[in-house]
Amino acid sequence: MASLRAIGASSPSLSSSSSSSALSKSICQRGAGSLVSALCVLSPVALQLPREGLRQANLLDSLAKSPNKQSSKLAYLANTSRTIPKVTSAVVDNGLFTQTTPDTRRVVPEVRDPSVTVVKVVYVVLEAQYQSSISAAVRNINKTSRVLNVEVVGYLLEELRDKGNYEMFKNDVSDANIFIGSLIFVEELAQKVKVAVEAERSRLDAVLVFPSMPEVMRLNKLGSFDMSQLGGSKKSSLLKLAKKNGQGPGFEENMLKLVRTLPKLLKYLPMERAQDARRYVMSLQFWLGGSSHNLENFLKMIAGSYVPALHGARMDFKDPVVYFDVGIWHPMAPRMFDDVKEYLNWYDTRRDTNDKLKNANAPIVGLICQRSHIVTGDDGHYVAVIMELEARGAKVVPIFSGGLDFSSPVQRFFCDPVSKKPLVHTVVSLTGFALVGGPARQDHPRAIEALNKISVPYLVALPLVFQTTEEWLDSSLGLHPIQVALQVALPELDGGLEPIIFAGRDSRTGKSHALHKRVEQLCTRAIKWAELKRKTKAEKKLAITVFSFPPDKGNVGTAAYLNVFSSIFSVIKELKKDGYSVEGLPDSTEALIEDIIHDKEAKFNSPNLNIAYKMSLREYERLTPYSKFLEENWGKPPGTLNTDGQSLQVYGKVYGNIFIGVQPTFGYEGDPMRLLFAKSASPHHGFAAYYTFVEKIFGADALLHFGTHGSLEFMPGKQVGLSDICYPDSLIGNIPNVYYYAANNPSEATIAKRRSYANTISYLTPPAENAGLYKGLKQLSELISSYQTLKDTGRGDQIVGSIISTARQCNLDKDVDLPDENSQYTAEEKDQIVGRIYGKIMEIEARLLPCGLHVIGEPPTAMEAVATLVNIAALDRSDDGTYGFPSILAESVCRNIEDIYENNNKGILEDVQLLREINDTCRAAITAFVEETTNSRGQVVNVIEKLGSLFAIPKKTPWVSVIQKTKFQNASREKMRTLFEFLSVCLKQIVANYEVSSLKDALEGCYVEPGPGGDPIRNPKVLPTGRNIHALDPQSIPTIAAMQSAKVVVERLLERQRAENHGTFPETIALVLWGTDNIKTYGESLAQVLWMIGVEPKADALGRVNKVEPVSLEVLGRPRIDVVVNCSGVFRDLFINQMNLLDRAIKMVAEFDEPADMNFVRKHALEQAASLGVTVREAATRIFSNASGSYSSNINLAVENSSWEKEQQLQEMYLKRKSFAFNSDAPGGGMRERREVFELALATADATFQNLDSSEISLTDVSHYFDSDPTKLVQSLRQDKKRPNSYIADTTTANAQVRTLSETVRLDARTKILNPKWYEGMLRSGYEGVREIEKRLTNTMGWSATSGQVDNWVYEEANATYIEDEAMQKRLLDTNPNSFRKLVQTFLEANGRGYWETSEENLQRLRQLYAEVEDRIEGIDKS
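Quick word on the overall build of the protein
Scanning the protein from terminus to terminus reveals 60 helices and 35 strands. Counting over 1423 residues, the protein shows a buried share of 65%. Carbon and sulfur atoms make up 49% of the accessible area of the protein, which totals about 49200 Å².

As structure tokens, then:
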């Protein structure tokens, strides 16, 4: 910008806060050497260089199409565009995300004059932002200077992944004079830079590295100034000062002021070292300034001072032009502003605005921009957003910062300086980064505090950084994984929404350009969010969407752990009370269900759901511009789904300004051929019509998806960073999307957040309760108690016989090796037998299960809080210095809890009983603790007041009173106090109730505070619910703790496998990686894979896990186990960086020169390489998933809809849909089908393996687990046709277990589908509860289909529980006849497929019952 220097620059300020003054004083007193320490302070916190952005190279057409956009800006851009040099892009198909080459950034003098010194400069930057400014600066030097010519070549950091580029880089550095680096924060690439530059460092005339990783910063060399000791001193007063002040909101601004002040101070120090330090700080000022003028003077200063050939030559340069550190910028303004009142005064007096902007009630959108984009003239994409918003009638306040801490500018410029109330209605960050911090460090609590103060929706859009526009459009993955980690995942931790890509990058110029359709959508959605702030509640229209999956009337209102209709009824009543316009709402939940599905709880005489709207084909095609694209999969509209043949039908009901609609299903669930497709089909016409109705006919101001989860976010398209042709993007359109999501499912919530732009609000899962004992199991427990009392009397043998007999009747003989009940045993043998059985029934009794279904906004009862707290208290939390309650009690009797767990697992009676006593004492003590806060109705109330007094008053605390009555009376009071203080915080969070209030906040255009998702027992910070769910930084896993846990599980798995296979190790294990599991456990299952192959993760200096190191065979003490890793589609989307890590690790191990019998990865890779005629590295492909944009193997859909005939069909689905491989050598290629390698790898598997990590979800609770089980498939692929062993690791409690799959299925059956405590809890939830019962039976049959590991007695007992009991039959039928019909059908299907052998009497009863239910549902009266 030619005029920017004059209008935007500010005079260097000498004023400074106390922290910057102290730094200045310290440097003056201690000498210039202290500057290194000062830069240690500045680098990671304040001077993380602003994101080098992307400039709009082709904005002209956008401006020309918009008559409201200013002609002066158009003329300016037209003039500058003619000066852009035409460089042919060098693009190579190297399989990487970034396929450009540095030749586009190479500038050489046009004429070589022997009398003019040529200085070669090589630079490496994270992004291409500086390309234009540096190139312009170099060309001007070459044109005007008589003593200096510059040859320059620049590399984008990502380009160094390419071997050819890296060799070119090393060659360029080998004859360079000056090296410049900035924002080198990708560790594996930082190492490459370090190696190349370090080799030439002593020869180079100058090395300047601006904020980057420490190992790269140490390369700095400027005369006598260097940073080789960076971070080496632990005593620096400056580092202490940074630690002291680094958290303050003004710290970064003070550091920026210091950078301006230091050169003036150092100028008067005589030492040469001080002058070198001064030049380094000035270099940083030049670099931050970013304009071609600043960079030209920067190069002149460095060349003239440090290139020997130029010593003595006159090299005039000007001081850096310094701009406001923070301020407000507008492309039409005459200057930058550092006062919001001045800016608004200018804005309100503009003559170039349209009438909409002059309206006092116009929405105001706050924009967050990077100063570096503005000062380098790379502001075209910002201009496009500003103009689009203004053309649509929204005012803008675009703020900027010279650093990356926007918390202060946001509060300073987005609030009225007098009233302190927010000025803006929505905030859109255009930086892509977290609000506070850059690629190195973030401060999410400070960001949340700032965003809470303005309390408006916070959208974080992003420009492409590592890809050109063409590369992004062509990529099935979408956004580059590193950008996903830095600019999608991290802003989500601040509560950021809607990661819409609004700008691309030109491969020739490096400049960014607005992606006009994406800019339009971003701006429209921002304004829609702003309208929620401005509209009255009575005006707003809300569309509530429920799900029906699998498609059946008995499944309308499907959502994990949620009583959907009771919750909707409760929420609508709250909204009506709050002023929303609600008309005709029924008086009860039951009546609401009747309205939606047209009859009471899916009862009789109504084959269809209620039809809210019939959409004509002409209307559909006019309002749904993408409908033509659906015809490839579904033919011309209306198709066969959600239609009467003439129109498209939208199911649901309108209640004034509230619409409750039923989301159509995928549509291909019942089609065996479509289920075999490797890639998922597009949405069908009925699905598209539903969302068209919601947005364009009903006119919803907001959409509320109710519960976990629907189909929208799983429609085909890019994984992250959608384009306008991705179906989730097309379907959601411009409606603000609020989504109730289960708190324990952050992975799929994150998919909804990224692919459907959802503000995900967490809801509580039903509180965990112990399964307890019933029927024969309860009798068995009583017999064991009798034995312990009478074992030394003459009745001991008789009781042991009864125990064995009863255990056999309870089908425990598959879990415990039961001897003949009539034999004689020694006292020790009797104890062993009883101990093993006791341990098994304790395992069943203590098993955690969710009780019933949650209703939005209903706090838990006291007893529900007890169950949750008991399980929270069971875990050691060493990071917090909190010991688990069982550990404390065990210690009091001089025992180690791990030893007790181990002996319990072995069935040692004494320790089985001791563990029982520990568990009972824990529960009693915590119950006493909770009762202090319980009212007469059993609700937990007044937590803060009562617990505050409890800890303050010097009296015997309730838990101590309980402990003193037991053998654990010597338990540490201090440890218990610490534990119960922690539990008091947890209790406050458990009973906090923000689920409805946060929904109201979202609908009123307010900021919803973010919170982590996961298992509330493992991580109580998941509570309270009602927050905007986020996952975690994907580069932070696996953690050290996760690795330690993983080692325990892997060794137990291998021990179990060896015990069952004559002492031999498994050569290959086929396993599954789930997204949610790895979020909850911080990467435990990911770490298991690494430990199986014998490597360990290594974090870089910033704590990011991007590399692994091998463990020697000597240390490992066993062979390296080969793996076949099936990544869920969600894991693929969230953790592609970890897929890259795993693939690199496996291929590294395959190339080790180790004996084949000690390295099964190498053994199999060599065999498969020979078979396929490929390299060992290629043959070692082991990381598989779905094709990009597709999810699951579809086995679950086939089983749920009975749309399969033979098991071979299911196996073919698995092979077709899960055989897409990730290749770390060509990550930009996305998921490529590699079925042949997949089959060969699976054929070597000796075991299959999955993880269970939380109490809410077990094998039969969801269909995902059997959907990813390859047990029978592996058997069919193995040459010997031997079925592999199948194992499940259960880490839901402190006592981690590795069980066989069949053991786990039996445990699931005993604790849930056969357990009165569980099914009565479900039946209390009515309509949805019956569906949950049916779902468990269907999922059990799914395991029969994929693994054959379900015992016949499980079906027999289930039939006795639900079918033979006529009273139970009636309850199920009356409550949800459609789900009951499916239950009966599943029993018959299990028998027909050979999974259940039963009597003809049972089968006849089922057939007759099915016919009767069918007739009643169809309305046929045979009376």
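Back to the write-up after that little detour.
Some thoughts on the side chain of lysine 511
Position of lysine 511 among the secondary structure elements: in the loop between β13 (501-505) and β14 (512-514). No salt bridge forms around the buried lysine 511; measuring N to O, its nearest opposite-charge neighbour aspartate 378 is 6.4 Å away. A polar contact of 3.3 Å, which involves the side chain of lysine 511, links it to the side chain of serine 132.

Remarks on the packing of aromatic side chains
For the coordinates displayed, the defined rule picks out 40 aromatic pairs. Taking the centre distance of 5.9 Å and the plane angle of 80 degrees together, the rings of tryptophan 346 and tyrosine 347 count as edge-to-face. Across the pair, tyrosine 347 and tryptophan 346 agree in class, each one buried. The structure contains a cluster of three or more aromatic residues connected by ring pairs, namely Tyr130, Phe210, Phe225, Tyr280, Phe286, Trp287 and Phe298. Over the face of the ring belonging to phenylalanine 1065 we find arginine 1058, whose NZ or CZ atom lies 4.2 Å from the ring centre.

With respect to the packing of helix α12 (residues 272-289) against helix α13 (residues 292-306)
The contact between α12 and α13 brings their axes to 8 Å, and the two run at 155 degrees. Relative to α13, α12 is oriented roughly antiparallel. Taken as a pair, α12 and α13 cross one another with a handedness that is left-handed. On the side of α12, the interface is formed by Asp276, Arg279, Met282, Ser283, Phe286, Trp287 and Gly289, while α13 contributes Asn294, Leu295, Asn297, Phe298, Met301, Ile302, Ser305 and Tyr306.

Points about the pairing of strand β1 (residues 117-125)
Sheet faces and side chains relate simply in a regular strand, where the side chains alternate between the two faces. Within β1, 8 of the 9 residues are buried, leaving the element largely enclosed by the surrounding structure. Note that the unit made of β1, helix α6 (residues 130-144) and strand β2 (residues 148-156) has a crossover that is right-handed.

Side note on the confidence of the model for the protein
For the protein, the average pLDDT comes to 84, and 86% of its residues sit at 70 or higher. Per-residue pLDDT stays below 50 along residues 1-93; that stretch engages in 255 contacts with residues further than four places along the chain or on separate chains. When the criterion is pLDDT under 50, residues 599-607 qualifies, and its contacts beyond four places in sequence or with other chains add up to 31 contacts.

Overview of the sheet that holds β13
Pairing is mixed across the open sheet formed by 3 strands, whose spatial order is β12-β13-β14. At either end of the open sheet lies a strand with only one pairing partner, and these are β12 (462-463) and β14. Of the pairings in the sheet, the one linking β13 to β14 comprises 3 bridges and is antiparallel in character. Within β14, the position partnered with alanine 503 by the bridge is alanine 514.

So, the nonpolar core
Counting 414 residues, the largest nonpolar core has Phe169, Phe706 and Phe885 as its most contacted members. In terms of residue count, the dominant contributor to this core is helix α36 (residues 909-931) (11 residues). Dropping the residues within four chain positions of it, phenylalanine 885 is found in contact with Ala873, Cys922, Ala925, Ile926, Ile963, Met976, Leu979 and Phe980. Membership of the second largest hydrophobic core comes to 9 residues, among which are Leu462, Leu464, Val484 and Ile501.

Here we look at the packing of helix α31 (residues 796-809) against helix α32 (residues 827-846)
Where α31 meets α32, the closest approach of the two axes is 11 Å, and the angle between their N-to-C directions is 35 degrees. In this structure, α31 crosses over α32, and the sense of that crossing is left-handed. Contacts from Asp797, Val800, Ile803, Ile804 and Ala807 of α31 reach α32 at Lys830, Ile833, Val834 and Ile837. Residue composition of the contact of α31 with α32, grouped by class: 7 nonpolar, no polar and 2 charged.

Description of unusual backbone geometry
The linkage connecting leucine 1023 with the following residue, proline 1024, adopts the cis geometry, with an omega of 0 degrees. Relative to the assigned elements, proline 1024 resides in the loop between β24 (1010-1012) and β25 (1028-1030). With an omega of 0 degrees, the peptide bond between isoleucine 1037 and proline 1038 qualifies as cis. Structurally, the position occupied by proline 1038 is in the loop between β25 and α41 (1040-1059). For tyrosine 757, which is not glycine, the phi torsion reads 55 degrees and is therefore positive. Mapped onto the secondary structure, tyrosine 757 falls in the loop between α29 (746-755) and β21 (758-763).

Remarks on the environment of aspartate 175
Along the chain, aspartate 175 falls in the loop between α7 (163-174) and β3 (178-182). Distance in space between the C-alpha atoms of aspartate 175 and glutamate 200 is 8.8 Å, their sequence separation being 25 residues. Beyond its immediate chain neighbours, meaning those up to four positions away, aspartate 175 contacts Lys120 and Arg203. Polar contacts involving the side chain of aspartate 175 include one to the side chain of lysine 120, which spans 2.8 Å.

Remarks on the environment of glutamate 1167
For glutamate 1167, the position within the fold is in helix α47 (residues 1160-1172). According to the relative accessible area criterion, glutamate 1167 is partly exposed, its value standing at 43%. For glutamate 1167 and leucine 1240, which are 73 residues apart along the polypeptide, the C-alpha to C-alpha distance reads 9.6 Å.

Describing the sheet that holds strand β11 (residues 458-460)
With respect to topology, 5 strands assemble into an open sheet ordered β7-β9-β8-β10-β11, the strand pairing being mixed. Either end of the sheet is taken by a strand with one partner, and the two such strands are β7 (326-328) and β11. Taking the axes of each pair of neighbouring strands and ignoring which way they run, one obtains an average angle of 20 degrees across the sheet. As paired elements, strand β8 (residues 364-370) and strand β10 (residues 426-429) share 4 bridges and run parallel to each other. The partner of valine 365 across the bridge, within β10, is threonine 426. On the sheet, helix α14 (residues 340-348) packs against β7 and β9 (395-401) and is oriented at approximately 140 degrees with respect to β9. Helix-sheet contacts for helix α21 (residues 516-534) involve β10 and β11, and the interaxial angle to β10 is about 150 degrees.

Looking at the pattern of salt bridges
In the structure shown here, the tally under the stated rule is 83 salt bridges. Its salt-bridge partner being glutamate 845, residue arginine 916 comes within 3.1 Å of it at the nearest N-O pair. Taken together, the residues arginine 916 in helix α36 and glutamate 845 in helix α32 connect sequence positions 71 residues apart. When its relative accessible area of 18% is taken as the criterion, arginine 916 is described as buried. Notably, a salt bridge pairs arginine 1393 with glutamate 1389, separated by 2.9 Å at the nearest N-O pair. On the basis of relative accessibility, which here comes to 12%, the residue glutamate 1389 falls in the buried class.

Rules and cut-offs
- Residues numbered from 1 in each chain as written.
- Predicted model: local features only at pLDDT ≥ 70, side-chain atom pairs only at ≥ 80, totals over all residues.
- Heavy atoms only, no water.
- Helix = DSSP H or I, 4+ residues; strand = E, 2+ residues; numbered from the N terminus.
- Buried < 20%, exposed > 50% of the residue type's maximum accessible area, 1.4 Å probe, protein only.
- Areas by Shrake-Rupley, 256 points an atom, 1.4 Å probe, with all protein chains shown as cover.
- Lys, Arg positive; Asp, Glu negative; His and termini not counted.
- Salt bridge = Lys/Arg side-chain N within 4 Å of Asp/Glu carboxyl O.
- Polar contact = N/O pair within 3.5 Å; in protein donor to acceptor, adjacent residues only side chain to side chain.
- Phe/Tyr/Trp six-rings, centres within 6.5 Å; stacked < 30°, edge-to-face > 60°.
- Lys NZ or Arg CZ within 6 Å of the ring centre and 35° of its normal.
- Axes fitted to C-alpha atoms, helices over the stretch in contact; angles between N-to-C directions.
- Parallel < 35°, antiparallel > 145°, perpendicular 65-115°, else oblique.
- Left-handed = near helix turned anticlockwise from the far one by under 90°.
- Contact = heavy atoms within 4.5 Å.
- Right-handed = clockwise from strand over helix to strand, strands pointing away.
- pLDDT = per-residue confidence, 0-100.
- Pairing = 2+ DSSP bridges.
- Core = buried A, V, L, I, M, F, W, Y, C linked by side-chain atoms within 4.5 Å.
- Nonpolar A, V, L, I, M, F, W, Y, C, P; charged D, E, K, R; others polar.

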